[in-house]
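# Close look at the chain arrangement
In case you want the letters, here they are:
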2 protein chains.
Amino acid sequence: VKPDDLRTPALLVDKAAFEHNVATMSSRLPGPALRPHVKAFKSTSLARELVSAGHETFCCATLREVEGMADAGMGTDLLLANQTVDVDRLGELSARDDLRLTVAVDSDATIAAAATGGVREVLIDVNVGLPRCGCAPGDAGRLADLARAAHIGVRGVMGYEGHLQALTDRAKQAALVERSMAKLLEAHDAVGGDVISGGGTGTHDLNTWVNEIQAGSYVLMDTQYNRLGMPFQQGLFVLATVISTTSGDDGWYVVDAGLKALAMDHGDPDMADPAHQVLFCSDEHTTVRPGEAAMPAVGDKVRMVPAHIDPTIAKHEVMHVVDDDLVHDTWPVDLRGW
Amino acid sequence: VKPDDLRTPALLVDKAAFEHNVATMSSRLPGPALRPHVKAFKSTSLARELVSAGHETFCCATLREVEGMADAGMGTDLLLANQTVDVDRLGELSARDDLRLTVAVDSDATIAAAATGGVREVLIDVNVGLPRCGCAPGDAGRLADLARAAHIGVRGVMGYEGHLQALTDRAKQAALVERSMAKLLEAHDAVGGDVISGGGTGTHDLNTWVNEIQAGSYVLMDTQYNRLGMPFQQGLFVLATVISTTSGDDGWYVVDAGLKALAMDHGDPDMADPAHQVLFCSDEHTTVRPGEAAMPAVGDKVRMVPAHIDPTIAKHEVMHVVDDDLVHDTWPVDLRGW
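Residues numbered from 1 in each chain as written. Chains lettered and ligands numbered in written order. Predicted model: local features only at pLDDT ≥ 70, side-chain atom pairs only at ≥ 80, totals over all residues. Heavy atoms only, no water.

## A short note on the relation of the copies chain A and chain B
Selection rule: Superposing the copies works by least squares over the C-alpha atoms of residues that have pLDDT at least 70 in both of them. Contacts are assigned to residue pairs with any non-hydrogen atoms lying within 4.5 Å of each other.
Placing chain A over chain B gives an RMSD of 0.0 Å and needs a rotation angle of 180°, together with 0.0 Å of translation along the axis. In short, the pair behaves as if placed about a two-fold rotation axis. When the interface residues of chain A are mapped onto chain B, 100% of them again fall at the interface, so both copies present the same face.

See the structure below:
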């Protein structure tokens, strides 16, 4: 099958860009120096490619991701980098012998849930500046003691500097990451353990304070991360079909991929051909101005570049791995939902 | 099962609000005066409730929606209110004897695709002011002739005034809808046929020029449509669990439903309790300030109101039909994807 013969809208993975991105990151952060974040791509088929590249430790954001990764035989070392009080599902996961599960905790309540759920290992999640989960750095030691008193192993700390991922001034970013990670190291002094986990695609090369980086978006990238000048290539596209054209001076065309196929939280997608300008997305349409370029014909296929990779992939059932001529593989997005 | 016992995030349908909305619309626009738009809710179980309320004609935005509605025995009169050049799938649908399919066309190319796909009936889709699909009003007669020359029945016209749905000044809205619908009636004069289709939830009560209204969002509503003062109640909620709290003067809490569970194209969701203010959504989290209200506890359940119903529902596998005490039913969102 040729890529342009796929039913649209379809999610395309550029095979060469994906392989370049995986190889580039694995040479920078080999093996356990990278804990790839499954939430970015939600596919065990893609995760298996990262195992082939030497990574056996993964981050998950949801219990469904943990369950699916373990079911697929990749439960060697899974970190639920998120809080949960779902003791039933923690109990099911703790009873499995094909899974080493570590859960992030940041409160008495989440430690109690981990204990009730039979969780054997946790990380203390520390607030390093992003107003989301994580305890105050000064409370981390107390929480570690509480977990150990409940006979739970404490592997160390995690702290995600999510508020610093998208900065384009790298010198400023480096200074702010250092300040943010000082909080994590303060917490680690009180907590102990081997693991200091944090970072993401946008800080993977300058966060030298953690000993594992939680990056995921680098595998396929998006328009937001492309602004950072990272050595990763755009590898994710939405293939769409032109279904309507309106001529005239301010003419436009319409494709059959809209905001149900493309995440909108970082704004409109781009067209892969930068001469073309997106006007707006509707549920199942995007209206585009061809600019100086020629108006395409109804039936033509075009490619779009998502603004945000994670929620775009989560809208699709499968990703097709393609080069210019061929669909090489089709990966189920099997970790969607909760 | 009680609603608060559901695994989160979970999509909730308030049973009483849903029944109120369906009854209200069906008394205003009984039977074929309403052609409910399946794209809003993507569920054959919900559609079946509309059949019980007297509606047997439906709009679809995708071929998957048409296929699923026909498979569920609701193929009495399905309008694909969208353009397609997928002749293979049109061919499969045209070969079915459990389906009356009408397809929107707006160009020589889409009429050619309909003819190749064996489509027996079309509507001429007319641009009435929204820069999206639809032919120029003056071209509608020519396209109808072209379709009839290809032995395709032309049932009439459709034109969607989507750019006028969200206006809150109703007098201005009425004037603009009249001007927009004048274009559709001009086209209808040239096309003929019984059907003049258009409108939506935001114009259902003042678009008196069409003879069927294509509304869908009214069934469950969202924060955007709630601004219009319609006689419909909020019936769609996302149930979430508080997973982290940070105290202090500017304290916040975090719930386990983020932008993968709530559409962001109309902005952030609201909390059902208006005292609480959403700060921002991440992939699997929303950070909320309790304002003057008390800080909730980790493990508490809260409800969120989506900003846009259609793409929010499309992110979920099921909807749970609930009242205060009980989960009455669980409807699969079985028309997702393409």
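## Some points on the packing of helix α3 (residues 63-71) of chain A against helix α4 (residues 87-94) of chain A
Residue and element names in this part refer to chain A. Going by this rule: Lines fitted to C-alpha atoms define the axes, with helix axes restricted to the stretch in contact, and inter-axis angles between N-to-C directions lie between 0 and 180 degrees. Secondary structure elements are taken from DSSP: a helix is a run of H or I of four residues or more, a strand is a run of E of two residues or more, and numbering for both begins at the N terminus. Here the word oblique covers every angle except those under 35 degrees (roughly parallel), over 145 (roughly antiparallel) and from 65 to 115 (roughly perpendicular). By the definition used in this description, the sense in which the near helix is turned from the far one sets the handedness, with an anticlockwise turn below a right angle giving left-handed and a clockwise turn giving right-handed. Residue type decides the class: Asp, Glu, Lys and Arg count as charged, Ala, Val, Leu, Ile, Met, Phe, Trp, Tyr, Cys and Pro as nonpolar, and the leftover types, Gly among them, as polar.
For the pair α3 and α4, interaxial distance at closest approach is 11 Å and the crossing angle is 15°. Between α3 and α4, the crossing angle belongs to the class labelled roughly parallel. You can see that α3 and α4 cross each other, and the crossing is left-handed. Contacts from Leu63, Arg64, Val66 and Glu67 of α3 reach α4 at Arg89, Leu90 and Leu93. For the contact of α3 with α4, a count of residues per class yields four nonpolar, no polar and three charged.

## Examining the pairing of strand β2 (residues 57-60) of chain B
Residue and element names in this part refer to chain B. So the rule is basically this: Relative accessibility under 20% of the residue-type maximum defines a buried residue, over 50% an exposed one, and the middle range a partly exposed one, all with a 1.4 Å probe and only protein chains included. We treat two strands as partners when DSSP finds at least two bridges between them. When the strands point away from the viewer, a crossover counts as right-handed if the path from the first strand over the helix to the second runs clockwise.
Along β2, one buried face is formed by Thr57 and Cys59 and the opposite face, lined by Phe58 and Cys60, is buried too. Where β2 and strand β3 (residues 77-80) come together, four bridges link them in parallel fashion. Residue Phe58 lies in a different strand from β3, and its bridge partner there is Leu78. The β-α-β motif built from β2, the intervening helix α3 (residues 63-71) and the parallel element β3 has right-handed crossover chirality.

## Here's the deal with the sheet that holds β2(B)
The parallel open sheet is built from seven strands, whose spatial order is β2-β3-β4-β5-β6-β7-β8 (chain B). Among the strands making up the open sheet, the edge pair consists of β2 and β8 (212-213) of chain B.

## What to know about the packing of aromatic side chains
Residue and element names in this part refer to chain B. Which entries qualify depends on this criterion: We call Phe, Tyr and Trp rings a pair once their centres come within 6.5 Å, taking the six-membered ring for Trp, and we label the pair stacked below 30 degrees between planes, edge-to-face above 60, and tilted otherwise.
Considering all chains together, one arrives at four aromatic pairs over all chains under this definition. With 5.3 Å between their ring centres and 70° between their planes, Phe18 and Trp331 make a pair best called edge-to-face. Linking Phe18 in helix α1 (residues 15-28) with Trp331 in strand β16 (residues 327-332), this pair joins segments that are 313 residues apart in sequence. Judged on exposure class, the residue Phe18 and its partner Trp331 are both buried. Judged by centre distance (5.6 Å) and plane angle (55°), the ring pair of Tyr218 and Phe232 falls under tilted. Placement of the pair is Tyr218 in the loop between β8 and α8 (223-226) and Phe232 in the loop between α8 and β9 (236-246), with a sequence separation of 14 residues. The class for Tyr218 is buried, based on a relative accessible area of 0%. The buried category is assigned to Phe232, whose relative accessible area is 6%.

## Quick word on the environment of A:Arg303
All names here are of chain A. Residue position: Arg303 is located in strand β14 (residues 301-305). Looking at Arg303, the relative accessible area reads 24%, which means it is partly exposed. A sequence separation of 292 residues divides Arg303 from Leu11, and the C-alpha atoms of the two residues are 9.6 Å apart. Discounting chain neighbours no more than four positions away, the residues touching Arg303 are Pro3, Asp4, Leu12, Phe237, Val238, Leu239, Met271, Ala272 and Val322.

## Description of unusual backbone geometry
Residues and elements named next belong to chain A. At the junction of Thr8 and Pro9, the peptide bond is cis and its omega measures out at -5° in the coordinates. Relative to the elements of secondary structure, Pro9 occurs in the segment before β1 (10-14). The backbone of Lys42 sits at a positive phi, close to 50°, despite the residue not being glycine. Relative to the helices and strands, Lys42 resides in the loop between α1 (15-28) and α2 (44-52). Here the phi dihedral of Met221 falls at roughly 65°; this positive angle occurs in a residue that is not glycine. Relative to the helices and strands, Met221 is located in the loop between β8 (212-213) and α8 (223-226). For Met221, a relative accessible area of 0% translates into the label buried.

## Structural notes on α4(A)
All names here are of chain A. Rules: Working note: the arc is built from the helix axis to C-beta atom directions.
Those residues of α4 not exposed but buried are Arg89, Leu90, Leu93 and Ser94. Looking straight down α4, one finds that the buried residues subtend no more than 140° of arc, so they occupy a single side. Elements that come into contact with the buried residues of α4 comprise α3, β4 (101-105) and α5 (108-116).

## Quick word on the pairing of strand β5 (residues 121-125) of chain B
Residues and elements named next belong to chain B. Among the five residues that make up β5, five are buried, leaving the element largely enclosed by the rest of the structure. Alternating residues of β5 divide into Glu121, Leu123 and Asp125 and Val122 and Ile124, and every residue in both groups is buried. Across four bridges, the pairing between strand β4 (residues 101-105) and β5 is parallel. Bridged to Val105 within β5 is Ile124. Since β4 and β5 lie parallel, the crossover through helix α5 (residues 108-116) that links them has a hand, and here it is right-handed. In terms of strand pairing, β5 meets strand β6 (residues 153-159) through five bridges, oriented parallel. Note on β6: the bridge partner recorded for Leu123 is Gly156. Following the chain from β5 across helix α6 (residues 140-149) to the adjacent parallel β6, one finds a crossover that is right-handed.

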